[in-house]
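# Overview (structure and organization)
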Amino acid sequence: STQSTWGNSRLMAAAGAAARPTAKEEENPFDEDSQRSGSGSAPSDEGPRDLAAATQAAKDAAKKKAESAASAARSAILDSNMTDEQKLAALDKIEAALSERERQVEIREKAYARSKNNWPWCFPVIYHKIKFDIPPEMSKTVSWMYGMWYFTYFCLLINVAAIVAAMSEGVEKGTAVAIAVLMIIFSPWVNFFFVYHTGYTAVRKDKASVFVIHFVASFVHIIGCIIYAIGPKGTGLGGLALANSALQAKKKATAVVCIVAALLWIGNFFVSCFLWRKVYKHYSGKGHTLKEARKEATVAAVKSSI
């Protein structure tokens, strides 16, 4: 009887251990070099494009191994001389261990990924991963927002081209070019952190106060699109007003570039309005309110003062 009890205890212990992460997984379950090469050796030449597939393959292999061990433990339990109650308890322990293993692996995966800055790729200063951080129902919207940041940068480039063309044909002065160049240097970063990244962070953390900051910054961006599209002369903005001045001076090349720039800003305006509405719909659908945002802001201010 003692030997039987000892054997049953071993089976139940094995049931819990079967689904537990290995020592290697505990140390670093998502080592990038191991993912690329399939072992602990140096990375292969396949490059980052295969990293996601390698990561998923490693996760699937680890999960399959745990499930295989758990299956063996289940068979051993069912074939043992335990009572029915003991067998049910041991099987429940296996299922609980499998669930806990998946939860712990997910926690370690997120902690490991967020410990490494990955944006921009040339000089990483922040962590940024839409697929990993953003809920599936909002990943497409946030991806569009990220794409719009690049599109805004392109609009600024065309704006510089319009101002340079205007100066070369005597429609604009050199000061306008200087203003346009300064805007293309600083505006993309202001746009990224205040417009795009506040939206990214708001959706990721589901914070009402961050949503409000995003809405205000996006509204300013939308107004900016209108001003850029108008493009008053002497402001460093190549829009419809500058195109009109170029046409009056019979400078058709400048007029064409300015009209193209204005059309791009108009497109930016409409898409930005659409995305603003999508994010607001998500915000209201979560039940957030301005009162909640003010409360979060107050709590954050108190914490920072302490």
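Figured I'd write up the structure that's included with this text. (Residues numbered from 1 in each chain as written. Predicted model: local features only at pLDDT ≥ 70, side-chain atom pairs only at ≥ 80, totals over all residues. Heavy atoms only, no water.)

### Some words on a nonpolar patch on the surface
Nonpolar side chains collect at one region of the surface, where Val-216, Phe-219, Val-220, Ile-223, Ile-226, Ile-227 and Ile-230 lie side by side and expose about 610 Å² of accessible area between them. Following the sequence through the fold, Val-216 ends up in helix H9 (residues 208-230). (Patch = residues over 30% accessible without salt bridge, like charges linked within 9 Å, V, L, I, M, F, W, Y side chains within 5 Å. Areas by Shrake-Rupley, 256 points an atom, 1.4 Å probe, with all protein chains shown as cover. Salt bridge = Lys/Arg side-chain N within 4 Å of Asp/Glu carboxyl O. Helix = DSSP H or I, 4+ residues; strand = E, 2+ residues; numbered from the N terminus.)

### Section: empty space enclosed by the protein
On inspection of all chains with the given rule, the structure shows two cavities of 30 Å³ or more. Taken as a whole, the largest cavity holds about 170 Å³ of empty space. Forming the boundary of the largest cavity are 13 residues, of which Met-148, Val-195, Ser-218, Ser-272 and Leu-275 lie nearest the centre. Among the elements of the structure, helix H7 (136-168), helix H8 (174-205), H9 and helix H11 (252-285) are those that each provide at least two residues to the lining of the largest cavity. A total of four residues in the lining of the largest cavity trace back to one element, the largest contributor, which is H7. For the lining of the largest cavity, the per-class residue count stands at seven nonpolar, six polar and no charged. There is about 30 Å³ of room inside the second largest cavity. What lines the second largest cavity is Lys-63, Ala-66, Glu-67, Leu-98, Arg-101 and Glu-102. Counting residues per element, the ones that place at least two in the lining of the second largest cavity are helix H4 (51-79) and helix H5 (84-114). (1 Å grid on protein atoms, 1.4 Å probe; cavity = no way out; pocket = protein on both sides within 12 Å on 5 of 7 lines; lining within 4 Å. Points joined across faces, edges and corners; volume = space filled by probe spheres on them. Nonpolar A, V, L, I, M, F, W, Y, C, P; charged D, E, K, R; others polar.)

### Some remarks on H9
Compared with the 33 Å implied by 1.5 Å per residue over 23 residues, the 34 Å span of H9 between its first and last C-alpha is a close match. Phi turns positive, to about 60°, at Gly-231, one or two residues after H9. (Expected span 1.5 Å × (residues − 1).)

### Structural notes on the nonpolar core
By size, the foremost hydrophobic cluster in this structure holds 25 residues, and its most contacted members are Leu-156, Ile-163, Val-171, Tyr-228, Leu-242, Cys-258 and Trp-265. Secondary structure elements with two or more residues in this core: H7, H8, H9, helix H10 (240-248) and H11. A per-element tally of this core places H7 first, with seven residues. Sequence-distant contacts of Trp-265, defined by excluding residues within four places in its chain, comprise Thr-152, Cys-155, Leu-156, Asn-159, Cys-225, Tyr-228 and Ala-229. The next biggest cluster of nonpolar side chains, apart from the first, holds 24 residues, and it includes Ile-130, Met-138, Trp-149 and Tyr-283. (Core = buried A, V, L, I, M, F, W, Y, C linked by side-chain atoms within 4.5 Å. Buried < 20%, exposed > 50% of the residue type's maximum accessible area, 1.4 Å probe, protein only. Contact = heavy atoms within 4.5 Å.)

### Notes on H11
In an α-helix, one full turn covers 3.6 residues, which means residues spaced three or four apart are oriented alike. The end-to-end C-alpha distance of H11, which contains 34 residues, comes to 49 Å, matching closely the 50 Å that a straight helix rising 1.5 Å per residue would cover. Remark: Gly-287 follows H11 within two positions and exhibits a positive phi of approximately 85°.

### Here's the deal with the packing of H8 against H9
Relative orientation of the contacting elements H8 and H9 amounts to 145°, with a least axis distance of 8 Å. The chirality of how H8 crosses H9 is left-handed. Between H8 and H9, the residues in contact are Met-183, Ser-187, Asn-191, Phe-194, Val-195, Thr-198, Gly-199, Thr-201, Ala-202 and Val-203 and Val-210, Phe-211, Ile-213, His-214, Ala-217, Ser-218, His-221 and Tyr-228, respectively. Of the residues in the contact of H8 with H9, the class split is 10 nonpolar, eight polar and no charged. (Axes fitted to C-alpha atoms, helices over the stretch in contact; angles between N-to-C directions. Left-handed = near helix turned anticlockwise from the far one by under 90°.)

### Thoughts on the packing of aromatic side chains
All chains considered together, the criterion is met by 20 aromatic pairs. Measuring from ring centre to ring centre gives 4.2 Å for Tyr-228 and Trp-265, while their planes differ by 20°; the resulting arrangement is stacked. Here Tyr-228 is found in helix H9, whereas its partner Trp-265 is found in helix H11, with 37 residues between them in sequence. Each member of the pair Tyr-228 and Trp-265 is classed as buried. Following the ring pairs from residue to residue traces out a cluster consisting of Trp-119, Tyr-146, Trp-149, Tyr-150, Trp-189, Phe-192, Phe-193, Tyr-196 and Tyr-200. (Phe/Tyr/Trp six-rings, centres within 6.5 Å; stacked < 30°, edge-to-face > 60°.)

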